[in-house]
Amino acid sequence: MWGGRFASGPAEIMEEINASIGFDKRLAPQDIRGSLAHVAMLGEAGILPKADVAAIQDGLKAVATEIESGGFVFKRELEDIHMSVESRLTEIVGPAAGRLHTARSRNDQVATDMKLWVRDTLDNLDEQAAGLQRALAEKALAHAGTVMPGFTHLQSAQPVTFGHHCLAYVEMLARDRGRFRDARARLNECPLGAAALAGTSFPIDRHATAAALGFDRPTANSLDSVADRDFALESLSAASICAVHLSRFAEELVVWTSAQFDFVRLSDGYTTGSSIMPQKRNPDAAELVRAKSGRVIGALTGLLIVMKGLPLAYSKDMQEDKEGTFDALQALSLCLAAMTGMVRDLEPNAPVLARAAGSGYATATDLADWLVRELGLPFREAHHVTGRLVGTASARSVGLEELTLDEMRAAEPRITDAVYAVLGVENSVSSRTSYGGTAPDNVRAQATRWLDHLGAAADGANA
């Protein structure tokens, strides 16, 4: 490739550290798409003869077929996917293949390939996240009235419903999808034609290649075009936040499936056994989702460190953008698929959840609210009264609903037996009717709204 300047080949270790074909070969479809758009533009602009354009196009399609069928031989001495494709193209069509690289550089070529790959991957992640949202919304609708404890500090706080808990993750995933789409919108500018760093003297039509590849427009500055990896960083940032959300849910599944909690059941499909303890059912799928968040976050951190000291424009350091990005986004895709399967598979243990929902004096806030609403106490005073009653119940090892009316009145003489109506778990969740609250009717409405929205979104995507 650069033999005219060098008298000898690279050292063996140089070849080892420099070659990227081992991982960038996955860019082959994007590389060929970019080359087909580029050569078509060169022909339309009169830069290449039409005969050469036709030969190159046929040759590129033949290379693509070889790669898809598994018959293509990737050679490390050719360094990367770009030279591998060009070398095979030369074998197929002869010297005309050398004209393909007119008015472009590997710098703008690889930036274009990476943007195309990341864009395709973001679209897939968005679709997968929507699938997980649907699974969660369906589970929420089915369990809109299944009570469970809500936690703060992993301590029983207030009763909620299982459906309400599922919908919390639907909302998180909606924000994740928004970030994926924002990242996609910002990356959708085409670097092709920026060449090495300064543009080109050939009369190319960058708007044509951008349109052919589905970009909104060409990039506006040739230096930035080849130096930019913001699109990878932003995508990894969005992926990291999504991975954290999945990890939080995975942690809950790990806790909930333990014998001590027994809140939900996972089937054999998403659990494993022990080599020594025959009774074990380990939530390995959830644990691996939890662990893989570290890979995604690590890829973001790694690329930030690579980029932080680079002057404009391109430096070979930027070759390190690929492995981490490929690995992280593939890991997130796997996690989304696994989590979707687990959500569809899991069944809440309703009797255990109901018992747990009433433990830990979870209806104490309902009692305080009743004191404010019915007796007109300031909330802080009601809080203190309720705290004393919790103390009384705790000393007797009974629930609030098991205190006698006399015990209640010892803390606040105006309490009537009407207070017992708010101390039941079912009454508690049913009373939380504020927008976004856990009342079963709210949950059903929100789950239905999400399913309608996601169904319409899917229909729009397939139209």
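Residues numbered from 1 in each chain as written. Predicted model: local features only at pLDDT ≥ 70, side-chain atom pairs only at ≥ 80, totals over all residues. Heavy atoms only, no water.

### A word on the overall build of the protein chain
Applied cut-off: Secondary structure elements follow DSSP: runs of H or I no shorter than four residues count as helices, runs of E no shorter than two count as strands, and numbering proceeds from the N terminus. In this setup the radius of gyration rests on C-alpha atoms only. A globule is expected at 2.2 Å times the number of residues raised to 0.38. Relative accessibility under 20% of the residue-type maximum defines a buried residue, over 50% an exposed one, and the middle range a partly exposed one, all with a 1.4 Å probe and only protein chains included. Residue contacts are defined here by distance: any two heavy atoms, one from each residue, within 4.5 Å place the two residues in contact. Where accessible areas are quoted, they stem from the Shrake-Rupley method and a 1.4 Å probe; at the residue level, only the protein chains shown are allowed to cover. His residues and chain termini do not enter the charge count, which takes Lys and Arg as positive and Asp and Glu as negative. A charge is said to be at NZ when it belongs to Lys, at CZ for Arg, at CG for Asp and at CD for Glu.
Looking only at helices and strands, one finds 18 helices and 6 strands in the protein chain. Computed over the C-alpha atoms, the radius of gyration of the protein chain is 30 Å, more than 25% above the 23 Å expected from 2.2 N^0.38 for a compact globule of 463 residues. The dimensions of the protein chain, computed from C-alpha atoms along their principal axes, are 100 × 50 × 45 Å. Looking at the protein chain as a whole, 48% of its 463 residues qualify as buried. The long-range share in the protein chain, meaning contacts at least 24 apart out of those at least 6 apart in sequence, stands at 75%. Summed over its atoms, the accessible surface of the protein chain is roughly 21,700 Å², and 54% of this surface lies on carbon and sulfur atoms. Across the protein chain, the centroid of the 46 positively charged side chains sits 1 Å from that of the 59 negatively charged ones.

### Here we look at the pattern of salt bridges
For the record, the criterion: The term salt bridge refers to a side-chain nitrogen of Lys or Arg lying within 4 Å of a carboxyl oxygen of Asp or Glu.
Within this structure, the stated rule accounts for 28 salt bridges. A salt bridge links glutamate 138 to arginine 344; the shortest N-O distance between them is 2.8 Å. Of this pair, glutamate 138 sits in helix α6 (residues 106–142) while arginine 344 is found in helix α12 (residues 321–345), placing the two residues 206 residues apart along the sequence. For arginine 373, the salt bridge is made with glutamate 374, and the minimal N-O distance between the two is 3.7 Å. Taking relative accessible area as the criterion, arginine 373 reaches 52% and is therefore assigned exposed. Linked by salt bridges that have partners in common, Glu79, Asp80, Arg106 and Lys316 make up one network.

### A closer look at helix α14 (residues 364–375)
How we decide: To estimate the expected span of a helix, subtract one from its residue number and multiply by 1.5 Å.
Between its first and last C-alpha, α14 extends 16 Å over 12 residues, near the 16 Å set by a 1.5 Å rise per residue. Taken together, the buried positions of α14 are Ala364, Asp366, Leu367, Ala368, Trp370, Leu371 and Leu375. The inward-facing, buried residues of α14 abut α15 (379–396) and α17 (425–431). Taken from the residues just after α14, glycine 376 is the one with a positive phi, measuring 75°.

### Brief notes about the packing of aromatic side chains
Note the following rule: Planes of paired rings set the category: under 30 degrees apart is stacked, over 60 is edge-to-face and the rest tilted, where pairs are Phe, Tyr or Trp rings (Trp by its six-membered ring) whose centres lie within 6.5 Å. By definition, being over a ring means that NZ of Lys or CZ of Arg is both within 6 Å of the ring centre and within 35 degrees of the ring normal.
Across all of its chains, the model carries 8 aromatic pairs by this definition. When the ring centre of phenylalanine 215 is taken as reference, the NZ or CZ atom of arginine 119 above it lies at 4.7 Å.

### Some points on the layout of surface pockets
Rules: The way it works is a 1 Å grid over only the protein atoms, where trapped points that fit a 1.4 Å probe form a cavity and open points with protein on both sides within 12 Å along at least five of seven lines form a pocket, and then any residue with an atom within 4 Å of a point lines it. Grid points are joined across faces, edges and corners, and a volume is the space filled by probe spheres set on the points. Gly is placed with the polar residues, together with every amino acid not listed as nonpolar (Ala, Val, Leu, Ile, Met, Phe, Trp, Tyr, Cys and Pro) or charged (Asp, Glu, Lys and Arg).
There is about 750 Å³ of room inside the largest pocket. As for the largest pocket, its lining consists of 34 residues, of which Val160, His164, His165, Ala168 and Tyr169 are closest to the centre. Elements with a minimum of two residues in the lining of the largest pocket: β1 (147–152), β2 (155–161), α7 (162–187), α10 (230–256) and α18 (440–462). Broken down by element, the residue count for the lining of the largest pocket peaks at 7 residues, all from α7. Tallied by class, residues from the lining of the largest pocket come to 16 nonpolar, 12 polar and 6 charged.

### Describing the environment of leucine 136
Along the chain, leucine 136 falls in helix α6. Placed 208 residues apart in sequence, leucine 136 and arginine 344 show a C-alpha to C-alpha distance of 7.8 Å. When sequence neighbours within four positions are dropped, the list of residues in contact with leucine 136 reads Cys166, Tyr169, Val170, Leu173, Phe249 and Val343.

### Some details on the nonpolar core
Applied cut-off: The nonpolar core is taken to be a set of buried Ala, Val, Leu, Ile, Met, Phe, Trp, Tyr and Cys residues, with the residues joined through side-chain atoms within 4.5 Å.
Leu136, Leu246, Leu253, Trp256, Leu332, Leu336 and Met339 are the most contacted members of the largest nonpolar core, which totals 93 residues. For this core, the element with the highest residue contribution is α10, accounting for 15 residues. Within the second largest apolar cluster, 20 residues are counted, among which are Ala368, Leu375, Leu389 and Leu423.

### Concerning a nonpolar patch on the surface
How we decide: Here the term patch refers to residues with relative accessible area over 30% and no salt bridge, with like charges joined within 9 Å and nonpolar side chains (Val, Leu, Ile, Met, Phe, Trp, Tyr) within 5 Å.
A cluster of nonpolar side chains, contributed by Leu197, Leu223 and Leu312, occupies part of the molecular surface with about 270 Å² of accessible area. Inspection of the secondary structure assignment puts leucine 312 in the loop between α11 (284–307) and α12.

### Quick notes on the packing of helix α3 (residues 28–44) against α6
The condition is simple: Whenever a helix is involved, its axis is fitted only over the stretch in contact; in every case the axis is a line through C-alpha atoms, and angles between N-to-C directions fall within 0 to 180 degrees. Roughly parallel means an angle under 35 degrees; roughly antiparallel means over 145; roughly perpendicular covers 65 to 115; every other angle is labelled oblique. Definitions for this section: a left-handed crossing has its near helix turned counterclockwise from the far helix by less than a right angle. A right-handed crossing has that turn clockwise.
Packing of α3 against α6 brings their axes to within 9 Å, and their N-to-C directions diverge by 120°. On the basis of the axis angle, α3 is oblique to α6. Handedness of the crossing formed by α3 with α6: right-handed. Residue-level contacts link Gln30, Asp31, Arg33 and Ser35 of α3 to Gln109, Asp113, Leu116, Trp117, Arg119 and Asp120 of α6. For the contact of α3 with α6, the residue count by class is 2 nonpolar, 3 polar and 5 charged.

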